[in-house]
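# Chains, contacts and geometry: an overview
One letter stands for each residue in the lines below.
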Amino acid sequence: MKFLRAVSAALFLTALSLASDYVGSDACKTCHAPVFNQFFRNPHYQSIASAKESPENTGCESCHGPGKAHIAAHGGKATIVAFSEIGPEKTLDACLRCHSQTLSRANIRKSAHTQADVVCTNCHSIHNSKAPRFLLAKQEQRDLCYSCHSTVKAQFSMPFKHRVNEGSVQCTDCHNPHGAFAATWGMAVRSHMVDQKQGNEEACLKCHADKRGPFVYEHASVRIDGCQTCHMPHGSTNPRMLTRPTIFTVCLECHNGAGTFGIMNNGVFHLSPTHNLADPRYQNCTTCHVRIHGSNADALFMR
Amino acid sequence: MRTFLVISVVSVALAQPPVAPTSEQAGNPRGDNSGSYNIIQSFELGYRFATVGGDGGMYDSTVNYGDGIRLLSSSLTVQSRDGHGRLFDHLVISTQGLGGDPYQSAILRIEKNRLYRYDMMWRLNQYVDPAVTVSYGEHAMNTTRTMQDHDLTLFPEGRYKLFLGYSRNLETGPALTTIQLFNAQGDEFPLFENVHRQVNEYRLGGEVHLLGVRLNVMHGWEDYRENSPQSLTSPSQGNNPNDLNALTSFQSTEPIHGTSPYWRVGIFSEGKKFWAVNGRFTYVAGKQAFALDELSAGTTLRGAANQLQVVTFGNADRPTLAANLTISLFPATHVVLTNQTSFSNIRMIGDSYFTEFDNGFQSSPVLPFQYLGIQTFSNTTDLMFHPAKWFTIHGGFEYSDRHINSVQGQSNLGDPAPAQPAIEQSNQLKAGTLGFRLKPLKALTVSVDGEVGRENKPIYPISDGNYQAFRARVEYKLKLFRVGAYAKSDYNVNSDVLTSYASHARQYGADGSWVPVSWFSIDASYTKLHLNTLGGINYFSQGIDVSGESSYYISNIHSATLGARFRVLKRADIYVGYSHVQDVGDGRATPYGAGLYSALPAFQAVQTFPLRYLSPQARVSIRITPKLRWNAGYQYYGYREQFSSAQDYQAHTGFTSLGFSF
């Protein structure tokens, strides 16, 4: 019993000691008035407003750690958790202390962004956010993404593109910057942080509902390898964001007469013997195969 | 204030958005206090104009801004100053393009701390596409899609949360389509289609956090309805007017009703410093019921009168199940080991009762059916190691196994379906990844990543086969100066006994931005996107198998943007920008080039499509009073194809507006 009392007393004193290192956000106001005076706009201000959180979960010290030593030293980055100094790994840990357990952030530990040392503070500006939502570091979400993904920026400058620059489509309509689950299309391992509709379907179907089906006759490539089999989802110099400028060259990429590809890989040709490609009539495949994404009436997608 | 100005200058200098709305807001960025709330608000009202020379359809397809008065943008933020607002603590409303722009949006967020959070997003997108190179332009579209998403979260910061959601997606408008009649050799006829597609989705879910474990459950119902009747507006000789095949009347309706109830369950737990685990299970029970009634009349290729009625009805089902388990371990400081196992199972089953009446003669009704099943198992393991603040290395191994099963066949109605041999295919992908980050200076970052994969039986020639992808980037960023350069490559090769396929994609570029003084900023970017693909083709001509042909495609796209912003006398903001996209192809002067890779002129003519798409713009924004700005801008769009001028256009667009707060 004496031993238990001693342990309890030691734990109490330790807790008291740690708790006493927290000085409260009002103490920070003295030197950091510009930040503090605008902090009421910040979602993190809720921890101060509620007045119910423990010191380590309240206001400035919930992210920057206890401020007693910082005050005693009259400031300095060495005596406080300064996010400009601690590096990406600890920044991620600091934010995930509260923000980890959300479905959309379930894969943040293995996301391509984390692997590239792109962590929370690269995209979110806690004290100088220009966006009214999500504390984004730039006013427009696209500008955040473009600052690293220059090739994507170039693709959205193409004549045919999703209207990201025009503001009606956002990167996060299709992508989860915090990491995505394995895709149910393709071979499941190169998802490029593509988000999923209804939990497990390609993001394209969120808007293009008519392509979703299900159809009696599915165009197998759409389900097996996904929309990118034929389309370039960011932008393209080709109409309908196709991978090729003319439709029959898109189709011939797979329907090339080679019998060893496709689900009918037992020697069945993927091109009708009646289709003479030298005849211009057969160079506009979708004029006849109108329901190319899938049909309920015709196995060849003719109606 | 100086800091704000500098940040403002930088923030507009990255993308190349349309010239309007302007990014300069009227009013005080810190807002005005009213009672216990702080309010920031502004809106921009103006007139937009556009004059187009050349192919207006292509302009509508790629730009589509028109004339008229617009509420170009508006924003309102109301924030409780003490976090104890009566009805809400945080309110955000922002809109763009209301009043007639082809791309309009509105966002609303209203939140009461710890009690509720409501998010709404509404969007309208006009889609025009003449698509001359797709079905001779006979599949043109001029539709409008409106989408809205509503999400309400109760107790957003609590241990128990409740989610309610509703989404709606409506697409309406005229379109063209085609049908091929009356037999396999028949002509193609253009039709009118009145598009009407509608999706309603309802969501209900909850989350509980107990004993360090968070359980998230979401149940949704999606309802899809489509009825896009097709008709013939006038008798047609079809795409080949030299034969006797003609269509004098046509009517088709195919109402479709689909439902997709779904479940999503997620579970998470973080064991403090040593481990984290999350799992997810989803199930979607997609189903569609349909009926098609099509009646057509005309003459056959031989000139005989023909009336054809097609009646079809049935169901299609696609249950989809996916499960994931992710385990992250932190065995030592600076080490993260993550493993994710995933499984998905997709089954597609359909039945379609097909009946045809040819000149009043009823063909035997048949029940075609199809089954397609896809099972995929994948496992990825990634290791990240941060031995020093200036160095990070990561590597991983990915394994994926996919099994595809397909059955196709048909039977007479009432008869048992004949046994059909299942067509099966299994393939495995093994891939390795490796990358590192170097930060030798605080301002300098170097990153290199690579992935090499081998798939033993790619399902399509363009699927990942033997592929290798590399990416490198160097960035120097010091305060308000940033410059970066990057290179990417993605090569893929597939071969079999008949043909081979190879694609080579390479991308290079550099970009940078600089704010040397508070009144001036500049940004620029250049990207070169190279793609070439070469695939073999076998086909029949006059009954003879033609082999040795190739489908070759090459594009060399140069894309550059330049933007500069000036602030004059703290009163006027001037922005000039330029965007240039040019595909130079392989440099050939005529569509047929040197006749590479194919003897067929039709193949040679589609190997490359050089074009140029450029858009300079300029905008001025003048602060008249602290709460009022006058804005004006001009933007030119020029589209030119090298081998044909049929779709070229030149467009002069612009706007003038007032931006103010009150």
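Looking now at the overall build of chain B. Within chain B, the regular secondary structure consists of 3 helices and 30 strands. By principal-axis analysis of the C-alpha atoms, chain B measures approximately 80 × 65 × 55 Å. Excluding contacts between residues fewer than 6 apart, the proportion of contacts in chain B whose partners are at least 24 apart in sequence is 60%.

What follows is about the overall build of chain A. When helices and strands are tallied, chain A shows 13 helices and 6 strands. Looking at the 303 residues of chain A, the share that counts as buried comes to 51%. When contacts within chain A are restricted to residue pairs at least 6 apart in sequence, long-range pairs at least 24 apart make up 43% of them.

With that settled, the discussion passes to the interface of chain A and chain B. Listed per partner, the contact involves 108 residues of chain A and 156 residues of chain B. Only helix 4 (46–50), helix 7 (87–99), helix 10 (141–146), helix 11 (150–155), strand 4 (217–218), helix 12 (220–224) and helix 13 (247–252) of chain A provide two or more residues apiece to the side of chain A that touches chain B. Residues of the side of chain A that touches chain B, tallied by class, amount to 45 nonpolar, 40 polar and 23 charged.

As a further point, take the environment of Asp225 of chain A. Within the secondary structure, Asp225 of chain A is located in the loop between helix 12 and strand 5 (235–236). Given 20 C-beta atoms within 10 Å, Asp225 of chain A falls into the buried group. Expressed as a C-alpha distance, the spacing of Asp225 of chain A and Thr184 of chain A, which sit 41 residues apart in the sequence, is 9.1 Å. Filtering out sequence-adjacent residues up to four positions away, Asp225 of chain A remains in contact with Trp185 and Gly186 of chain A together with Ile459, Tyr460 and Ser463 of chain B.

A general trend in soluble globular proteins is that nonpolar side chains are found buried together. One finds Ala182, Ala183, Ala188, Val189, Val194 and Ile224 of chain A together with Ile374 of chain B to be the most contacted residues of the largest nonpolar core, which totals 26 residues. Going through the elements one at a time, helix 12 of chain A together with strand 16 (335–358), strand 18 (366–388) and strand 20 (423–441) of chain B are the ones with two or more residues in this core. Discounting residues that sit within four places of it in the chain, Val194 of chain A has contacts with Cys174, His175, Ala180, Ala183 and Ala203 of chain A.

Now for the pairing of strand 12 (residues 246–253) of chain B. All names here are of chain B. Across 2 bridges, the pairing between strand 11 (residues 230–231) and strand 12 is antiparallel. Bridging from a neighbouring strand, Gln230 pairs with Ser252 of strand 12. Inspection of the sheet shows strand 12 paired to strand 14 (residues 275–299) by 7 bridges, in the antiparallel sense. Paired with Leu247 across the two strands is Gly298, which belongs to strand 14.

Our focus in this paragraph is unusual backbone geometry. That bond from Gly213 of chain A to Pro214 of chain A is cis: its omega, 5 degrees, falls within 30 degrees of zero. Cis geometry is adopted by the peptide bond preceding Pro21 of chain B, which originates at Ala20 of chain B and carries an omega value of 5 degrees. Structurally, Pro21 of chain B can be placed in the loop between helix 1 (2–11) and strand 1 (32–34). Of note in this structure, Arg240 of chain A is not a glycine but carries a positive phi near 60 degrees. With respect to the element layout, Arg240 of chain A can be found in the loop between strand 5 and helix 13.

Here we come to the confidence of the model for chain A. Chain-level statistics for chain A give a pLDDT mean of 84 and a share of 88% at 70 or above. Counting interchain partners and residues more than four positions distant, the pLDDT-below-50 stretch residues 9–17 of chain A has 0 contacts.

This paragraph deals with the domain arrangement of chain B. Residues and elements named next belong to chain B. Under the domain assignment used here, chain B contains domain 1 (1–70 + 512–584 + 611–662) and domain 2 (114–273 + 281–313). If you average the C-alpha positions of domain 1 and of domain 2, the two centres end up 31 Å apart. Partitioned by chemical class, the residues of the side of domain 1 that touches domain 2 number 1 nonpolar, 4 polar and 1 charged.

Below, the discussion takes up helix 7 of chain A. Residue and element names in this part refer to chain A. Under the 1.5 Å per step criterion, the end-to-end length of helix 7 is 18 Å for 13 residues, consistent within 8% with the ideal 18 Å. Residues of helix 7 that are buried: Pro88, Thr91, Leu92 and Ala94. Within helix 7, the buried residues cover an arc of 165 degrees as seen down the axis, which keeps them to one side. Tucked inside the fold, the buried residues of helix 7 contact helix 5 (59–64), helix 8 (112–115) and helix 9 (120–123).

Okay, the confidence of the model for chain B next. Any region with low pLDDT has predicted coordinates that should not be read closely. This prediction gives chain B a mean pLDDT of 89; 95% of its residues lie at or above 70. Model confidence for the complex: the whole-complex pTM is 0.91, and ipTM, which rates the interface, is 0.91.

The next thing to look at is the pairing of strand 27 (residues 572–583) of chain B. Residues and elements named next belong to chain B. Side-chain alternation along strand 27 places Asp573, Tyr575, Gly577, Ser579, Val581 and Asp583 on a buried face and Ala572, Ile574, Val576, Tyr578, His580 and Gln582 on a face that remains uncovered. One ladder, built from 12 bridges, connects strand 26 (residues 544–568) with strand 27; its direction is antiparallel. Across the sheet, residue Gly563 finds its bridge partner in strand 27, namely Gly577. A loop of 3 residues connects strand 26 with strand 27, the two strands running antiparallel in sequence, and Leu569 in this loop sits at a positive phi of about 55 degrees. One ladder, built from 12 bridges, connects strand 27 with strand 28 (residues 611–625); its direction is antiparallel. Each residue of the ladder has a partner; that of Gln582, found in strand 28, is Arg612.

What counts and how
- Residues numbered from 1 in each chain as written.
- Chains lettered and ligands numbered in written order.
- Predicted model: local features only at pLDDT ≥ 70, side-chain atom pairs only at ≥ 80, totals over all residues.
- Helix = DSSP H or I, 4+ residues; strand = E, 2+ residues; numbered from the N terminus.
- Contact = placed C-beta atoms within 7 Å.
- Buried ≥ 20, exposed ≤ 12 C-beta atoms within 10 Å, placed from the backbone.
- Nonpolar A, V, L, I, M, F, W, Y, C, P; charged D, E, K, R; others polar.
- Core = buried A, V, L, I, M, F, W, Y, C linked by C-beta atoms within 7 Å.
- Pairing = 2+ DSSP bridges.
- pLDDT = per-residue confidence, 0-100.
- Domains from an automatic or database assignment.
- Expected span 1.5 Å × (residues − 1).
- Arc of directions from axis to C-beta.

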